[in-house]
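Listed here are the chains, written in short residue letters.
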Amino acid sequence: MSTFNFNGGNITNSHIGDNGRVENNYGTDPAAVLGLAEQLVDRMRGENPALVPQAQVIQGELVQAGEEGRAANRGRIRAALETITIGVGAGSGGIALVEQLKHALGL
């Protein structure tokens, strides 16, 4: 297991793969993906509070999909992730979490 520090935040269970992409060992375990979404909400509170609602959209969609026993709305999640990507700085912990979520959700 590797731990990387991005602007003061540690990202664990990850490694930097080809083309500098963050790759993770979370797979598609719903609890792990929800954990990533929770980390993203927390990270946005510190890095860019204006993006907290977008991170909460992702978290809320994952929770609701789990409660309803359905697949998460990938379009809704993708749109929120894209908004966050535009709003956060390169090399930030937020970007690393966005990449992990994209990978875990196959986006």
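Our structure is the block above this text.
Please read these numbers as outputs of a predicted model, since none were measured by experiment.

Engineer: Lay out the environment of alanine 55 in plain terms, naming residues and giving numbers.
Structural biologist: Here alanine 55 shows up in helix α2 (residues 52-68). Here alanine 55 falls in the buried class, since its relative accessible area comes to 0%. Sequence separation of alanine 55 and isoleucine 77 is 22 residues, and the distance between their C-alpha atoms is 9.0 Å. Among all residues touching alanine 55, those that are not within four sequence positions of it are Leu40, Val41, Met44 and Ile84.

Engineer: Give a description of the pattern of salt bridges that names residues and reports values.
Structural biologist: What the rule picks out here adds up to 6 salt bridges. Note that glutamate 68 is salt-bridged to arginine 70, the shortest N-O span being 2.6 Å. On the accessibility criterion, glutamate 68 (47% relative accessible area) is partly exposed. Here arginine 70 falls in the partly exposed class, since its relative accessible area comes to 33%. Taken together, the salt bridges that share partners define one network made up of Glu61, Glu68, Arg70 and Arg76.

Engineer: Outline the packing of helix α1 (residues 30-47) against helix α4 (residues 93-105), listing residues and values.
Structural biologist: Their axes nearest at 9 Å, the elements α1 and α4 cross at an angle of 160°. Considering the angle they form, α1 stands roughly antiparallel to α4. Judged by the twist between their axes, the crossing of α1 over α4 is left-handed. On α4, the residues touching Val33, Leu36, Ala37, Gln39, Leu40, Arg43, Met44 and Glu47 of α1 are Gly93, Gly94, Leu97, Val98, Gln100, Leu101, Ala104 and Leu105. Its residues placed into classes, the contact of α1 with α4 shows 10 nonpolar, 4 polar and 2 charged.

Here is what the cut-offs are and how they apply
Residues numbered from 1 in each chain as written. Predicted model: local features only at pLDDT ≥ 70, side-chain atom pairs only at ≥ 80, totals over all residues. Heavy atoms only, no water. Helix = DSSP H or I, 4+ residues; strand = E, 2+ residues; numbered from the N terminus. Buried < 20%, exposed > 50% of the residue type's maximum accessible area, 1.4 Å probe, protein only. Contact = heavy atoms within 4.5 Å. Salt bridge = Lys/Arg side-chain N within 4 Å of Asp/Glu carboxyl O. Axes fitted to C-alpha atoms, helices over the stretch in contact; angles between N-to-C directions. Parallel < 35°, antiparallel > 145°, perpendicular 65-115°, else oblique. Left-handed = near helix turned anticlockwise from the far one by under 90°. Nonpolar A, V, L, I, M, F, W, Y, C, P; charged D, E, K, R; others polar.

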